[in-house]
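# Architecture and fold: a report
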Amino acid sequence: MRSVVLTKGVPDFREGQVSFDEDGHLERGKTPTVMNPNDKHALRAALQTKVRHGGTVSLMSMGPPGYAEILHEGMEDVYADDLYLLSDREMGAADTWATAMTVATGIEHLDETPDLIFAGFKTADGETGHTGPQTEWCLNINDALPDYPLITHVVAMDIDEDEGVVRTKRLVEGDISEIETVEADLPAFVVADPEFEATYRKADHRLRHKDFRAQTRDRAAEFAEYLADDTDTDPTDFADFHMWNHEDLNLDPDFIGLDGSPTIVAGVDPIPKAPSEREATMIEPDDEEGMEEVFEQLQPYAAGD
Amino acid sequence: MTETPTDEYEHYEAVVVGAGPGGAAAAAALANHGVETLVLERGVDAGSKNVSGGLIYAEESAPYTIDDLFPDFREEATERPADEYYIHNVAGRNVKTFDLNDIHHHDTEWCDSVLRRKMDSWLAEQVHGMTRETGGGLLTNVRVNGLLREGGEIVGVTCDELDPITADVIVAADGVNSELARDAGLMDWEEPEEWFQGVKAVVDMDPDAINERFGIDDDEGVAHLFAGDLFDGVRGGGLLYTNEDSLSIGTVFHLDSIAEEKAEPHELLDSLLTHPLLDQWLQGEYEEREYAAKLVPDSKKAAHPSPHRGRLLLVGDAAGQMQAQGPIIKGMNHAVTAGGLAAEAYQEAKARGNPTNAGDLYEQKLETEGVMKKLRPARYRYSRPVSESGLVTGLTNGLLNSPVGTAGLKLFGGLVERAFNSPFMLGMIPDTRFSYVTMPTRIGEVLGTPVTAENDIEPPELDERIGDLTYDVDDPHIEVLDNSFEASGTAVTACPVSAKDFGGGCYREETVQTNGGEQKVVSLDTQPCVECGTCAVVADTHWEHPPGGKGVEYKQG
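Now for a look at the structure at hand. (Residues numbered from 1 in each chain as written. Chains lettered and ligands numbered in written order. Predicted model: local features only at pLDDT ≥ 70, side-chain atom pairs only at ≥ 80, totals over all residues. Heavy atoms only, no water.)

## A look at the overall build of chain B
Scanning chain B from terminus to terminus reveals 24 helices and 26 strands. Overall size of chain B, expressed as C-alpha extent along the three principal axes, is 75 × 65 × 50 Å. Every one of the 557 residues in chain B was classed for burial, and the buried ones make up 63%. A separation threshold of at least 6 residues defines the contact pool for chain B, and within that pool the share at least 24 residues apart is 75%. When the accessible area of chain B is evaluated, it comes to approximately 20500 Å², of which 46% is carbon and sulfur surface. Measuring between centres, the 43 positive side-chain charges of chain B sit 6 Å from its 97 negative side-chain charges. (Helix = DSSP H or I, 4+ residues; strand = E, 2+ residues; numbered from the N terminus. Buried < 20%, exposed > 50% of the residue type's maximum accessible area, 1.4 Å probe, protein only. Contact = heavy atoms within 4.5 Å. Areas by Shrake-Rupley, 256 points an atom, 1.4 Å probe, with all protein chains shown as cover. Lys, Arg positive; Asp, Glu negative; His and termini not counted. Charge placed at Lys NZ, Arg CZ, Asp CG, Glu CD.)

Below, the structure written as structure tokens:
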């Protein structure tokens, strides 16, 4: 099984990592970029496929050269045999449509046609959930590639190699209370739901999983040496990392990046601050009377019962 | 299950359940013989479910020691060597210290203090590497919950997390609360007198402070034991071992005595921690890293003389192979030997074309290699009916307290110390109050000198100790079958994370209104359970372990 997993770098929205300015706008420079958390579920689904059926897992993204770090994160935290970054100034500021075109072309340029393509359920920043399905659409209009039936909201999956089909459990209407079983011919395009859970009921599978995790951690550690600031080597010197620009992919700059994006962003609203759930009274430390009040209020709780 | 033919199950030549020292030794020895071996451990990490007082021995007479099987063991997995060994006979503030170096070093190649999380996880890493080469390997987070049978024969194991697995040989090294030993009908959880309960605190201490306070160097260590009147008459004693940057301080008591005296184990531990004698080492500082508890089988009564059934071989605590005779407490070394012998037995049986004979061979090897002799000394069996009878205890008590006895002690103090150091005498020590309490107390009174120091440290309360432990709580794994106070009330006091009038523990006492009266019952909340198994013995319960990776997770052990 040849699997390709698509991912994107997003701001790390976790408490303590994310930074907003006074107006509630995201401070991009102060907020670290991480692999889109939902895409890790997709990567876990691909790893499960490899554990059960063998093959390779490739991780692909489109973005600036710094996104090598994002691919490294996926390799380290979950699994990847090799990494592909589609990177070019001409690809910048793309909407989901231009991204899908670019990514589909990237897939076409792989030396082996994938049996399974995985995407996560929407990104933490854009939250459109479009890029996966749009990529699938672009693949289907591409004569060089086979058709990929699309299965979304997948929470569990298995492959019947003899029958050449993938069997999945998916959420109907994105709701955990209603699950349907969907079967599709391979190759197929799977969008993993955040509820996706890999299952390993055989000792042999768990042992292989353990082996693969050890291997991918070692591989990631090696890649990290190429990524380090103080090294003379270029990330692309690492044998399992491939970076392709628009010429490599033979893409017309007019159809990718900002120029190829029909979407127009009309404006960005700041994220409203969550309303306080409790009534709060502000007291300055040098306000003696106020502080007296605070101690009085706290005392009954400090007594221990 | 029976309608599924065996050939549909996953199969390994050997399955080892539990990655403690017994399981690790068995798996390493099997792997050395080229046997495809799968090791299944229920903790998130090997050692996360394990506790021991903390000394591992390598005996000169043992056919397998841990460093035979894992050459870097002492370097990588232990804390400090236990070079010196003392017992303190305590009577109030009076203490008489005996040097037990002779018995400690008798048949001892080396002896080191250990913390089980570090030790077992290191072993597991080695074992995984060794077994993976045979086509097997080691998996954590997998709880084996029973035996797989076909036509009444044991053919494999069943698990919470995996489909059933068949094997040609199954080594149950799943510890003191072995679910496999019980499934096979080889061990039970009935008699409190067959068990000890150990409770331990790992106490943070800077290595330099340890060196200075114990008068040792970085690569040296000390072991101290405590007996006498500091435990309210409960039969047992205390221990203190030096680790690299911590102390292991614990207490071990006969479970029947804890039950009878309605003793609170955490309070008994505190009695030791706060005794003036310990001030020389604690010096007013006390930071507890971890509170832990475990049951310990008393091999004199519980070591199974024939620990196998069909393809199943029991190793270590699962087989009751824990030697506690007076001041000698040896468990892990016997588990290692048993693990090695189990592997050897399987290999030989297989070479003779009859692998099903492994169990019988294993039993023979335990005898011929002298393991059973250490675990169940004949001297104890023969002398027990006399020495543990009330009449003799009464007589010896009377004698010891008489002017004649006192004079004798004074005259022969050195002789008593020598008797403690005799492996022959120790094999006969009766499990009575006389040995654990009366005798040491009398020695302390008559021969001891008073400790003048004050020990004002304050050990944590039980709720803090529970709060400091790490849990991944799952559905309740213990069910109280009879919640009447008569049947299960002892658990309220005997459980190391419960106490009378304490609401935050596992067991609590409740009064319920019934038709025309009141009834005392117990209720159970398994959330703070440390899986020691005490309540399985002293209360009427259905007791299982939590699924793989769930329940308590020891960081020290």
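## Quick word on the sheet that holds strand E11 (residues 195-204) of chain B
Residues and elements named next belong to chain B. In space, the eight strands of this open sheet follow the order E15-E11-E14-E13-E12-E4-E5-E20, with mixed pairing throughout. Either end of the sheet is taken by a strand with one partner, and the two such strands are strand E15 (288-297) and strand E20 (449-450). Bridge analysis of E11 against strand E14 (residues 246-254) gives nine bridges, and the strand direction is antiparallel. Directly across from Asp204, in E14, lies its bridge partner Ser246. Strand contacts of helix H18 (residues 413-420): strand E4 (84-91) and strand E5 (94-99), with the helix running at about 55 degrees to E5, the strand carrying the most contacts. (Pairing = 2+ DSSP bridges. Axes fitted to C-alpha atoms, helices over the stretch in contact; angles between N-to-C directions.)

## Quick look at the sheet that holds strand E9 (residues 175-185) of chain A
All names here are of chain A. Ordered by their spatial adjacency, nine strands build an open sheet running E9-E8-E7-E10-E6-E1-E4-E5-E11, and the pairing between neighbours is mixed. Where the open sheet ends on each side, the last strands, each with one partner, are E9 and strand E11 (241-244). For this sheet, the mean inter-axis angle between neighbouring strands, taken without regard to orientation, is 30 degrees. Bridge count for strand E1 (residues 2-7) against strand E6 (residues 116-120) is three bridges, and the pairing is parallel. By the bridge assignment, Val5 is partnered in E6 with Phe118.

## Focus on the environment of Phe70(B)
All names here are of chain B. Structurally, Phe70 can be placed in the loop between helix H2 (66-69) and helix H3 (73-77). The spacing of Phe70 and Thr274 is 204 residues in sequence and 39 Å in space, taken between C-alpha atoms. Apart from the residues lying within four places of it in its own chain, the contact partners of Phe70 are Ala24, Ala25, Ala28, Trp122, Leu123, Gln126, Val127 and Met130.

## Concerning the nonpolar core
Residues and elements named next belong to chain B. Among the nonpolar cores identified, the biggest contains 69 residues, and Phe214, Leu247, Ile249, Leu278, Leu282, Tyr507 and Val530 are the most heavily contacted of them. Both domain 2 (80-113 + 189-301 + 378-459) and domain 3 (469-553) contribute no fewer than three residues apiece to this core. Residues in contact with Leu282, not counting those within four places in the same chain, are Met205, Arg213, Leu247, Ile249, Leu273, Asn455 and Ile457. Counting 51 residues, the second-largest nonpolar core is a separate cluster that includes Leu313, Leu361, Tyr362 and Val371. (Core = buried A, V, L, I, M, F, W, Y, C linked by side-chain atoms within 4.5 Å. Domains from an automatic or database assignment.)

## Some points on helix H12 (residues 332-351) of chain B
An α-helix turns once every 3.6 residues. As a result, residues three or four positions apart point the same way. Residues and elements named next belong to chain B. For H12, with 20 residues, the first-to-last C-alpha span of 29 Å sits near the 28 Å given by 1.5 Å per residue. Of all 20 residues in H12, 16 are buried; the element is thus mostly enclosed. Gly353 lies just past H12 and shows a positive phi near 80 degrees. (Expected span 1.5 Å × (residues − 1).)

## Describing a nonpolar patch on the surface
All names here are of chain A. The grouping of Phe13, Phe20 and Leu26 at the surface amounts to a nonpolar patch, some 230 Å² of accessible area in total. Its place among the elements puts Phe13 in the loop between strand E2 (9-11) and strand E3 (33-35). Judged by relative accessible area, which is 35%, Phe13 ranks as partly exposed. (Patch = residues over 30% accessible without salt bridge, like charges linked within 9 Å, V, L, I, M, F, W, Y side chains within 5 Å. Salt bridge = Lys/Arg side-chain N within 4 Å of Asp/Glu carboxyl O.)

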